[in-house]
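# Structural characterization, general
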Amino acid sequence: MMRKRLLTTVAALTLATSVLAGCSSNNNEAGNAAATDSGQTTTGKKEKVDIKVWLTPQWKGVLDASEQGADYDSFFKYAAKKFSEQYDKYDAKINVEVIAGDQRDQLLNVNLSGGTPPDVFFESVFAMGDYVHRGALVPLTDIVDDEAKKDINESYWNTVTFGNDVYFYPFQNNPGTLVYNADMFKAAGLEKYVGGDTEIKTWTLAEYEDILKNLKDNLPKDKYSNAYPMALYGVNNQGDTWNLAYLRMFGNKFFDDQGNIVLNDENGVKAAAWLKKIKDAGYTNPGPESVSSNDANAMFLNQQLAISFTNPVLFNNAKADMESGKTTKFDLRLANIPSESGDPLSFTYVVGASVFQSKDAKRVEVAKDFVKFFSTDPELVKSSKNAIPVRSSVAEAYKAEKPLFAAYDANSKYLFNFTGNVPGYSQLREVLYPELQALYMGAKKPEQVVKDYQEKGNKLIETNKASSVIFQKP
């Protein structure tokens, strides 16, 4: 049974402290070597191995933030204690540290340069992919079994696989969808397009365009003055994953099998032209080139936009603010990003653990064992309910308490890997929004936008491929 009170430090637990007296007199050199290789010293005690675990703030508590003393490190301290109590290879001490997300790369780079990286890092895969290409992480393929592969959708495994190997163990995820104001839909006579409150509604592209037109034409101005159908933004790289989804709406796959951008085709041009079309038609907030994702979110919460972007964190925060009276309450629901084919577009930020190459085989071994332990333990994986579980079994177990879990789980088959796991993705983000700004301002035609983005982006990717251990593998 999970404890409600967690120790403030993780103590190293000695699992085997002695052997029978007199055994040492019969040990020969071969026996001593075998004992040492197994993690057992010649005196019979387990060899001590210390590892450090870093994480950025994810959730508080083990299972719930209401637990006494709940903090961001609670889960990992509990998992470390449970692991140490049953671990029979070494006397493992696991030190847990929470670091600020905006300090992640600086701290990692300093520690990598000094040869002191963390052994385990729990973070969004999207933020950590470049460390795979740099050769800083070790593959985890050997700790993934068939049971995990069956319980976790293939789309998640694709996200954490670079080349032929798994580098992150999926634990939870943060899916991106659209969010809409069902009250505004009804006011515009669009009841038939409103989904259930525990549904992620799917519209065809034709239906979506009908929605945008009717919202513009039929929203009552006396109630929704200065309101627009849909959010559109491009002032910086924040929230750019939704823009990447829109550019895939007409079937462009964005990356080829060699990790190159292939947006410059008929379908890519159609997508860029569609964005310009809805902006010019007044279906979006004006001036998206100078609007940020934060601006758009604020406009949606102020009921100045009928459709915007969201993820579970934003969605739940919005509902909590409404319940507390911080913002005006309205009926907000979820929808998928539509596509011309009819199959919706969905993406997610997978969160899980990676293991850094410390060049200490025993530390790497303990780190991998710990990652497998907390990522598969039947009790511990339930903590993924603090976000959205990647495991269908956890979604099923909590579907009565969290009915949207089932919808997110069913939606996982539509996920696309928005980073393509290409080297230099963080730099690539800086290329997109200037091109979108040029599109919205009319400085470039859609054909030129996709051409320039592809050329500039592929130059960055090619430069980073030259130093990528994934692309340099024979």
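Within every chain, residues take consecutive numbers counted from 1 along the sequence as written. Local features in this predicted model are restricted to residues of pLDDT 70 or higher, and side-chain atom pairs are both shown and tallied only at a pLDDT of 80 or more, whereas totals for entire chains, interfaces and linings draw on every residue. Hydrogen atoms and water are omitted, and side-chain values are computed over all heavy atoms in the structure.

### Overview of helix H13 (residues 361–376)
The way it works is that DSSP assigns letters per residue, a run of H or I at least four long becomes a helix, a run of E at least two long becomes a strand, and they are numbered from the N terminus. Expected helix span is given by 1.5 Å per residue-to-residue step, counting one fewer step than there are residues. Here H13 spans 22 Å end to end across 16 residues, near enough to the 22 Å set by a 1.5 Å rise per residue. Remark: exposure states derive from per-residue accessible area (1.4 Å probe, protein chains only) relative to the maximum for the residue type, with buried under 20%, exposed over 50%, and partly exposed in between. Among all positions in H13, only Val-364, Val-366, Ala-367, Lys-368, Asp-369, Phe-370, Val-371, Phe-373, Phe-374 and Ser-375 are buried. Looking at the buried side of H13, the elements it contacts are strand S1 (48–55), helix H2 (74–86), strand S2 (91–98), strand S3 (120–124), strand S6 (169–181) and strand S11 (347–355). Any pair of nitrogen or oxygen atoms within 3.5 Å is treated as a polar contact; in protein, a donor-acceptor pairing is required on top of that, and neighbouring residues in sequence qualify only through side-chain atoms on both sides. Capping the start of H13 is the job of one residue whose side-chain oxygen sits 3.1 Å from the backbone nitrogen of Lys-362: Asp-360. Here, two residues are considered to be in contact whenever any of their heavy atoms come within 4.5 Å of each other.

### Let's talk about the pairing of S1
Two strands make a pair as long as DSSP finds a minimum of two bridges between them. Across eight bridges, S1 lies against S2 in parallel orientation. Paired with Lys-48 across the bridge in S2 is Asp-91. The β-α-β motif built from S1, the intervening H2 and the parallel element S2 has right-handed crossover chirality. Where S1 and S3 come together, three bridges link them in parallel fashion. When the bridges of S3 are listed, Val-53 appears paired with Val-120. Whether a crossover is right-handed comes down to one check: with the strands pointing away from the viewer, does the path from the first strand over the helix to the second run clockwise; if it does, it is right-handed.

### A short note on the pattern of salt bridges
The salt bridge criterion pairs a side-chain nitrogen of Lys or Arg with a carboxyl oxygen of Asp or Glu, the two atoms within 4 Å. For the structure shown, the criterion picks out 26 salt bridges. For Asp-142, the salt bridge identified is with Lys-368, shortest N-O distance 2.9 Å. Of this pair, Asp-142 sits in the loop between helix H4 (125–133) and helix H5 (146–151) while Lys-368 sits in helix H13, and the two are 226 residues apart along the sequence. A salt bridge links Asp-280 to Lys-276; its shortest N-O distance comes to 2.7 Å. Here the residue Asp-280 and the residue Lys-276 both occupy positions in helix H10 (residues 266–280), the gap between them amounting to four residues, near one helical turn.

### Topic: the packing of helix H3 (residues 104–113) against H4
Packing of H3 against H4 leaves a shortest axis separation of 12 Å and a crossing angle of 25 degrees. Between H3 and H4, the crossing angle belongs to the class labelled roughly parallel. The element H3 and its partner H4 pack so that their crossing is right-handed. For the pair H3 and H4, contact is made by Arg-104, Asp-105, Leu-108, Asn-109 and Leu-112 and by Ala-127, Met-128 and Tyr-131, respectively. When the residues that make up the contact of H3 with H4 are grouped by side-chain class, the tally is five nonpolar, one polar and two charged. Axis definition: a line fitted to C-alpha atoms, limited for helices to the stretch in contact. Angles are taken between N-to-C directions and run from 0 to 180 degrees. Angle categories are assigned with fixed cut-offs, so that under 35 degrees is roughly parallel, over 145 is roughly antiparallel, 65 to 115 is roughly perpendicular, and the rest are oblique. By convention the crossing between two helices is left-handed if the near helix lies anticlockwise of the far one by an angle smaller than a right angle, and right-handed if it lies clockwise. Throughout, the ten residues Ala, Val, Leu, Ile, Met, Phe, Trp, Tyr, Cys and Pro are labelled nonpolar, Asp, Glu, Lys and Arg are labelled charged, and all others, Gly among them, are labelled polar.

Bear in mind that shape data such as this cannot, by itself, settle questions of function.
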